[in-house]
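Letter by letter, the chains look like this.
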Amino acid sequence: MAVVLMLGGCGGMPKNAEEFRQFTLERTRVLGSGAMGGVPKESFEVERPFREVSSTLQKKANECLKVVIKGTFTNKYGNTWSSVSTFKPTFISSPNKAELHVQLNRSEVVEVGAPPDGAYRVVLDATPVAAKRTRIEIYTWSTEEDLLRRAMRGWVKGDNLGCPDLTKR
């Protein structure tokens with residue numbers, strides 16, 4: 001099974017948010033958490049109304065996550081190459097659920113089987129629990145997404161509304 005999951009990154013990449021959720025859970029179940037297994041789903045509740053959480057997520061997705069990072073790199077052998085990393089957030093909302101998906105398309109990496117806008121890196125789901133309480137579930141590809149996850153955690157809690165510096169990812 002572990003081999004199947006490892007090969008999943010070579011052609012069986014998740015094509016949508018639901019596949020990403022399932023892939024993340026299965027990878028963690030089989031390989032455990034950490035470098036190989038990735039990061040398990042994070043679940044918690046916040047003391048904020050669902051409407052506020054949803055509104056904040058939509059605003060911050062547009063403000064902070066529509067990012068293109070360009071760079072030039074040189075390795076120790078003197079080889080130089082250019083890179084373009086394009087982050088694409090997608091926000092979906094209904095009265096009972098808000099979703100924020102983040103995809104990443106990197107010019108220097110060929111991710112076989114990835115959707116056209118890049119591989120899914122983070123999916124956040126928010127659902128109302130009570131009038132002033134919202135449940136949050138965050139699924140991430142790997143520990144590389146800790147910067148995004150920390151930012152999203154601050155957004156849903158309402159205590160840190162800054163944008164992450166995605167150049168430090």
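Structure's up top.
Source: prediction; values computed, not measured. (Residues numbered from 1 in each chain as written. Predicted model: local features only at pLDDT ≥ 70, side-chain atom pairs only at ≥ 80, totals over all residues. Heavy atoms only, no water.)

## What about the packing of aromatic side chains?
Counting across every chain of the model gives 4 aromatic pairs. Both rings, one in Phe 20 and one in Tyr 120, keep their centres 6.1 Å apart while their planes meet at 35 degrees; by these two values the pair is tilted. Residue Phe 20 is located in helix H2 (residues 17-31), and its partner Tyr 120 is located in strand S5 (residues 119-130); the two are separated by 100 residues in the primary sequence. Looking at Tyr 120, the relative accessible area reads 10%, which means it is buried. (Phe/Tyr/Trp six-rings, centres within 6.5 Å; stacked < 30°, edge-to-face > 60°. Helix = DSSP H or I, 4+ residues; strand = E, 2+ residues; numbered from the N terminus. Buried < 20%, exposed > 50% of the residue type's maximum accessible area, 1.4 Å probe, protein only.)

## Focus: H2
Two residues of an α-helix separated by three or four positions point the same way, owing to the 3.6 residues in each turn. Here H2 spans 21 Å end to end across 15 residues, near enough to the 21 Å set by a 1.5 Å rise per residue. By the burial criterion, the buried members of H2 are Ala 17, Phe 20, Arg 21, Phe 23, Thr 24, Arg 27 and Thr 28. Its side-chain oxygen 3.1 Å from the backbone nitrogen of Glu 18, Asn 16 forms the N-cap of H2. (Expected span 1.5 Å × (residues − 1). Polar contact = N/O pair within 3.5 Å; in protein donor to acceptor, adjacent residues only side chain to side chain.)

## Overview of the side chain of Thr 56
As for its position among the elements, Thr 56 is in helix H3 (residues 50-64). Among all residues touching Thr 56, those that are not within four sequence positions of it are Arg 48, Trp 155 and Leu 161. (Contact = heavy atoms within 4.5 Å.)

## Notes on H3
Here H3 contains 15 residues, and its C-alpha end-to-end distance of 20 Å stays within 8% of the 21 Å for a straight helix at 1.5 Å per residue. For H3, the set of buried residues is Phe 50, Val 53, Ser 54, Thr 56, Leu 57, Lys 60, Ala 61 and Cys 64. All buried residues of H3 project into a common sector of 165 degrees when viewed along the axis, lining one side. What points out from H3, more than 90 degrees from its buried face, is the exposed set Arg 51 and Lys 59. (Arc of directions from axis to C-beta.)

## Structural notes on the state of the cysteines
Summed over all chains, the structure comprises 1 disulfide. Disulfide pairing is shown between Cys 64 and Cys 163; the S-S distance is 1.8 Å. Taking the sign of the S-S torsion, -60 degrees for the link of Cys 64 and Cys 163, the bridge is left-handed. Residue Cys 64 is located in helix H3, and its partner Cys 163 is located in the segment after helix H4 (146-157); the two are separated by 99 residues in the primary sequence. (Disulfide = S-S within 2.5 Å.)

## Considerations on the environment of Pro 95
Within the secondary structure, Pro 95 sits in the loop between strand S3 (80-94) and strand S4 (97-106). Classification of Pro 95 as exposed rests on a relative accessible area of 70%. Linking Pro 95 and Phe 50, residues 45 residues apart in sequence, is a C-alpha distance of 8.9 Å. Other than its neighbours up to four places away in sequence, Pro 95 contacts Phe 50 and Pro 128.

## Details of the side chain of Gln 103
Considering the arrangement of structural elements, one finds Gln 103 in strand S4. Judged by relative accessible area, which is 4%, Gln 103 ranks as buried. Of the polar contacts made by the side chain of Gln 103, one reaches the backbone oxygen of Gly 118; its length is 2.9 Å. Among all residues touching Gln 103, those that are not within four sequence positions of it are Thr 86, Phe 87, Lys 88, Thr 90, Pro 115, Asp 117, Gly 118, Ala 119, Tyr 120 and Arg 121.

It is worth stressing that arrangement in space is one thing and function is another; only the former is reported here.
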